[in-house]
Amino acid sequence: MLDETVISRAIIETYMKKLTDNLSVDVAIVGAGPSGFVAGYFLAKAGRKVVIFERALAVGGGMWGGGMGFNEIVVQEEGKAVLDEFDLPAVRYVQGYYTLDSVRAVSALALRAVEAGVTVFNLVGVEDVVLHDERVSGLVLNWGTVMKAGIPVDPLTVHSRCVLDATGHPAHVAEVLCRKMGVSLNTPTGKMMGEMSMDAEKGEKQTVENTREAYPGLFVSGMAANAVFGGYRMGPVFGGMLLSGKRAAEVMLARLGER
Ligand code: 48F
């Protein structure tokens, strides 16, 4: 005879343990899209304690939808090695272009990241950062549903040595930091440069080049990197997102090793 209260207790106790185990981490990633997952995977594989907060119910960000809802994605030659790392088979379409099922792609990124040791909290959004001595030192969390409804519920907080803004087009973490604190970012103008229109070739290169520290303690990846440092959008070609995640991990590992 199943006891419903045992089911509830099992969920409550294991969740609370998972949450308290992640109050202080090496890297806190905001957004469970492709760049966030890839960054998390490489960081965890290198032995770092990594958590991802995703405000939506479903992980995967913009990857599920392929292009305009046609659930296939394209990865160019440069991104193929990352697909191989995640055991993701891709079909050669023409030279230099591969296609793969977007549901399989998201599933593999999520599974491998979690298997590598990343802890993911979905339905948990980031509404602000912790700022200590002019350095981003953690995140301010609330339920995604509370944020969406605009209900005035106070948040909880985690500490992290590095924060990665992998929130895609809105670059939500950097945007909040600029809006609330008026800080100067490591961009040419000191401000958020803003995402540009479509140029897949340039956008793909820029998203990797722009993957760096935008403010002490705050790193950016994926479309958030182009929104912060100014770069073209590229649509449903994902090599840049995968490579950006890998680069984000490398940059943060170097930084973590310094201290
Ligand atoms: O948008 P998203 O997939 O980010 P990405 O890794 O990849 C971009 C591509 O999907 C696509 C593209 C490729 O050519 O242009 O857009 O840069 O995933 C971002 C995730 O962050 C979550 C959001 O729900 C999504 O799953 N997110 C956004 N704001 C917050 C957040 C927040 N404040 N707190 C937590 N999660």
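This report concerns the structure included in the present document. (Residues numbered from 1 in each chain as written. Predicted model: local features only at pLDDT ≥ 70, side-chain atom pairs only at ≥ 80, totals over all residues. Heavy atoms only, no water.)

Considerations on the overall build of the protein
Broken down by element type, the protein carries nine helices and 13 strands. Relative to the 2.2 N^0.38 estimate, which gives 18 Å for 259 residues, the radius of gyration of the protein is 18 Å and therefore close to what a compact globule would have. Reported as C-alpha extents along the three principal axes, the dimensions of the protein are approximately 55 × 55 × 40 Å. Counting all 259 residues of the protein, 48% fall into the buried class. Partitioning the contacts of the protein with sequence separation of at least 6, the portion at a separation of at least 24 is 67%. Entry remark: accessible area of the protein is about 12,700 Å², with carbon and sulfur atoms responsible for 57%. Distance between charge centroids for the protein: 3 Å, based on 25 positive and 29 negative side chains. (Helix = DSSP H or I, 4+ residues; strand = E, 2+ residues; numbered from the N terminus. Rg over C-alpha atoms; globule rule 2.2 N^0.38 Å. Buried < 20%, exposed > 50% of the residue type's maximum accessible area, 1.4 Å probe, protein only. Contact = heavy atoms within 4.5 Å. Areas by Shrake-Rupley, 256 points an atom, 1.4 Å probe, with all protein chains shown as cover. Lys, Arg positive; Asp, Glu negative; His and termini not counted. Charge placed at Lys NZ, Arg CZ, Asp CG, Glu CD.)

Description of the packing of helix H7 (residues 200–209) against helix H8 (residues 222–229)
At a closest axis distance of 8 Å, the pairing of H7 and H8 adopts a crossing angle of 90°. As far as their axial angle goes, H8 and H7 are roughly perpendicular. On H8, the residues that touch Gly203, Gln206 and Thr207 of H7 are Gly222, Met223, Ala225 and Asn226. In terms of residue class, the contact of H7 with H8 is made up of two nonpolar, five polar and no charged. (Axes fitted to C-alpha atoms, helices over the stretch in contact; angles between N-to-C directions. Parallel < 35°, antiparallel > 145°, perpendicular 65-115°, else oblique. Nonpolar A, V, L, I, M, F, W, Y, C, P; charged D, E, K, R; others polar.)

Things to note about the site of the ligand
Around the ligand, the structure places 26 residues, and the nearest of them are Ser35, Glu54, Gly62, His172 and Gly235. A distance of 2.9 Å separates a nitrogen atom of the ligand from a polar atom in the backbone of Val126. Within the side chain of His169, an N or O atom sits 3.1 Å from an oxygen atom of the ligand. Across the complex, the protein chains shield 91% of the 730 Å² of accessible surface that the ligand would expose by itself. Judged by its atoms lying within 2 Å of the grid points, the ligand is housed in the largest pocket. Only helix H2 (34–45), strand E2 (50–54), strand E7 (124–132) and H8 provide two or more residues apiece to the shell around the ligand. For the shell around the ligand, the element with the most residues is E7, which contributes three residues. Looking at the shell around the ligand, its residues break down into 12 nonpolar, 12 polar and two charged. (Near = heavy atom within 4 Å. Polar contact = N/O pair within 3.5 Å; in protein donor to acceptor, adjacent residues only side chain to side chain. 1 Å grid on protein atoms, 1.4 Å probe; cavity = no way out; pocket = protein on both sides within 12 Å on 5 of 7 lines; lining within 4 Å. Sits in = over half its atoms within 2 Å of the grid points.)

Re the layout of surface pockets
The volume enclosed by the largest pocket comes to roughly 640 Å³. Lining of the largest pocket is provided by 36 residues; of these, Gly61, Gly62, Thr167, Gly168 and His169 occupy positions nearest its centre. For the lining of the largest pocket, the secondary structure elements donating two or more residues are H2, E2, E7 and H8. The class makeup of the residues in the lining of the largest pocket is 18 nonpolar, 15 polar and three charged. Here the second largest pocket defines a volume of roughly 290 Å³. If you go around the second largest pocket, you meet 13 residues; those closest to its centre are Gln76, Glu78, Glu201, Glu204 and Lys205. Sorting the residues of the lining of the second largest pocket by element identifies H7 and helix H9 (239–258) as the ones contributing at least two each. Take the lining of the second largest pocket: its biggest share by element is five residues, from H7. Here the lining of the second largest pocket is built from residues that sort into five nonpolar, four polar and four charged. (Points joined across faces, edges and corners; volume = space filled by probe spheres on them.)

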